[in-house]
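What the coordinates show
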Amino acid sequence: MLLLYKFAAYSHTLKSKFSDPWESVADHLSAHDWVILDDFLPEAETIAARNYLKKKLAKDAFKVAGIGALHDFRVEKSVRSDEIYWLDPRRDPEVEGFFSLAEAVKAHLNRLCFLSISGSEFHFAHYPPGSFYKKHIDQFDARSNRLISMVCYINEFWEPEHGGELRLYRGDGTFKDVAPLPGRAVLFKSDRVPHEVLESKASRYSITGWLLHQPAGLGYLLG
Ligand code: OGA
Ligand code: MN
């Protein structure tokens, strides 16, 4: 039922030229290297995820995020100043709604984009007021198994004066700014799209992660 409801939302968002709305998602991702899905996460799931995030924040379960992997890993506050909490679908049933939709995304992208996504990893991210993440791509030298980046925003509301847009760069240097609206998800190719998070003036909440072509591992180890 949940997925049928989402199909309707996708067609609406992308003004589908296909009978299967997932084809619009795959087509847009292939042609533009990213796709924006409004109303991806239904309101009830967005609220559940946000409440759980806030509970973990209150318990000091978040860690300052770093950059790089393995021997390269370091905390660099001038590059990114968010804090994160790695999620585990078995330990964190509060985000079950998100994980089941992420599974659907995986299956449909494998079917339509001829990808071989076999794993995923997700964390909560909190950008406190004044924080940002400078321009980067989501693949590290020490690991290249991130195929698709996926960010889902779970803010209660978002106004233009809050800033905090995700800026996605095209090959020609032009860019598109995406506001972190509640329930909105953004998918983009991890190795092809430089992007940044502009300074956020309000607390900014998301579930961020990657569809992988190998099982998860390093993120959890480092987290
Ligand atoms: C990241 C990232 C984008 C966002 O965590 O790597 O680029 O909009 N996040 O939160
Ligand atoms: Mn990124």
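Described below are features of the structure shown in this document. (Residues numbered from 1 in each chain as written. Chains lettered and ligands numbered in written order. Predicted model: local features only at pLDDT ≥ 70, side-chain atom pairs only at ≥ 80, totals over all residues. Heavy atoms only, no water.)

1. Here's the deal with the coordination of the manganese ion (ligand 2)
What counts, and what does not: Donor atoms: N, O and S within 2.8 Å of the metal, or within 3.2 Å for Na, K and Ca. Because water is excluded, sites can look incomplete. Exposed residues in this analysis have more than 50% of their type's maximum accessible area, buried residues have under 20%, and partly exposed residues fall in between, with area computed by a 1.4 Å probe over protein chains only.
Protein coordination at the manganese ion (ligand 2) comes from His136 (NE2), Asp138 (OD) and His195 (NE2), with a distance range of 2.1 to 2.2 Å. Counting residues between consecutive donors of the manganese ion (ligand 2) along the chain gives the motif H-x1-D-x56-H. By relative accessible area, histidine 136 is classed as buried at 14%. Look at aspartate 138 and you get buried, because its relative accessible area is 6%.

2. Remarks on the sheet that holds strand β9 (residues 185–189)
Consider a sheet: its strands pair through backbone hydrogen bonds, and that pairing is either parallel or antiparallel. In plain terms, the rule: Should DSSP find at least two bridges between two strands, the strands are taken to pair. For helices the rule is a DSSP run of H or I covering at least 4 residues; for strands it is a run of E covering at least 2, with both sets numbered from the N terminus onward. Contacts were defined at the residue level, with two residues in contact if any of their heavy atoms lie within 4.5 Å. Lines fitted to the C-alpha atoms define the axes, with helices restricted to the stretch that makes contact. Angles between their N-to-C directions range from 0 to 180 degrees.
Across the sheet, seven strands lie side by side as β1-β9-β6-β11-β4-β3-β2; this open sheet has antiparallel pairing. Strands with a single pairing partner mark the edges of an open sheet, and in this sheet they are β1 (34–37) and β2 (63–64). Relative to β9, strand β6 (residues 146–153) is paired through five bridges, and the arrangement is antiparallel. What sits directly across from valine 151, in β9, is valine 186. Here helix α2 (residues 21–32) sits on the sheet and contacts β1, β6 and β9; the angle it forms with β1, its principal contact strand, is near 140 degrees.

3. As for the sheet that holds strand β5 (residues 133–136)
Strand order in the open sheet formed by four strands is β5-β10-β7-β8, with antiparallel pairing between adjacent strands. In this open sheet, the two strands that pair with only one neighbour each are β5 and β8 (175–178). Averaged over all neighbouring strand pairs, the angle between strand axes comes to 10 degrees, with direction disregarded.

4. Observations regarding a nonpolar patch on the surface
We count it as follows: Patches in this entry comprise residues that are over 30% relatively accessible and not in a salt bridge; like charges within 9 Å are linked, as are nonpolar side chains (Val, Leu, Ile, Met, Phe, Trp, Tyr) within 5 Å. Using a 1.4 Å probe, accessible areas were evaluated by the Shrake-Rupley method; residue-level cover was limited to the displayed protein chains. By definition here, a salt bridge exists when the distance from a side-chain nitrogen of Lys or Arg to a carboxyl oxygen of Asp or Glu is within 4 Å.
A cluster of nonpolar residues, Val64, Phe73 and Val75, forms a patch on the protein surface that exposes about 230 Å² of accessible area. Here phenylalanine 73 lies in the loop between β2 and β3 (83–86). A relative accessible area of 34% places phenylalanine 73 in the partly exposed class.

5. Looking at the site of ligand 1
Quick reminder of the rule: Definition of nearness: a residue and a molecule or strand are near each other if at least one heavy atom of the residue lies within 4 Å of the molecule or strand. Whenever two N or O atoms come within 3.5 Å, that pair is a polar contact, provided that in protein one can donate a hydrogen and the other can accept it, and provided that, for residues adjacent in sequence, both atoms are side-chain atoms.
Close contacts around ligand 1 come from Arg80, Tyr133, His136, Asp138, Val151, Tyr153, Leu166, His195, Val197, Arg204, Thr208 and Trp210, and that covers them all. Tyrosine 153 has a polar side-chain atom sitting 2.6 Å from an oxygen atom of ligand 1. Contact with the protein chains covers 98% of the free accessible surface of ligand 1, which is 290 Å². Looking at the shell around ligand 1, the elements that each hand over two or more residues are β5, β6, β10 (195–197) and β11 (204–212). When residues in the shell around ligand 1 are grouped by element, the largest group, three residues, is from β11.

6. Overview of the packing of aromatic side chains
Convention followed: Here is the rule: rings of Phe, Tyr and Trp (six-membered ring for Trp) pair when centre to centre is within 6.5 Å. Planes less than 30 degrees apart are stacked, more than 60 are edge-to-face, and the remainder are tilted. Two limits define a charge over a ring: the Lys NZ or Arg CZ must be within 6 Å of the ring centre, and within 35 degrees of the ring normal.
Using the criterion set out here, one finds nine aromatic pairs in the structure. An aromatic cluster is defined as three or more aromatic residues linked by ring pairs; in this entry it consists of Tyr52, Phe62, Tyr85 and Phe124. Residue placement shows lysine 134 over the ring face of phenylalanine 132; its charged tip is 4.9 Å from the ring centre. The ring of phenylalanine 175 carries arginine 167 above its face, with NZ or CZ at 3.8 Å from the centroid.

7. Structural notes on helix α4 (residues 96–113)
For the record, the criterion: Expected helix span is given by 1.5 Å per residue-to-residue step, counting one fewer step than there are residues.
With 18 residues, α4 should reach 26 Å at 1.5 Å per residue; the first-to-last C-alpha distance of 25 Å fits that figure. Buried within α4 we find Gly97, Phe98, Phe99, Leu101, Ala102, Ala104, Val105, Lys106, His108, Leu109 and Cys113. Looking one or two residues beyond α4, the residue adopting positive phi is phenylalanine 114, at roughly 55 degrees.

8. What to know about α2
The end-to-end C-alpha distance of α2 is 17 Å, a good match for the 16 Å that twelve residues give at a rise of 1.5 Å each. Taken as a whole, α2 has its buried residues at Pro21, Trp22, Ser24, Val25, Ala26 and Leu29. The N-terminus of α2 is capped by aspartate 20, whose side-chain oxygen sits 2.9 Å from the backbone nitrogen of tryptophan 22. In the stretch just after α2, aspartate 33 is the one whose phi turns positive, near 70 degrees.

Distances and angles like these do not, on their own, reveal function.
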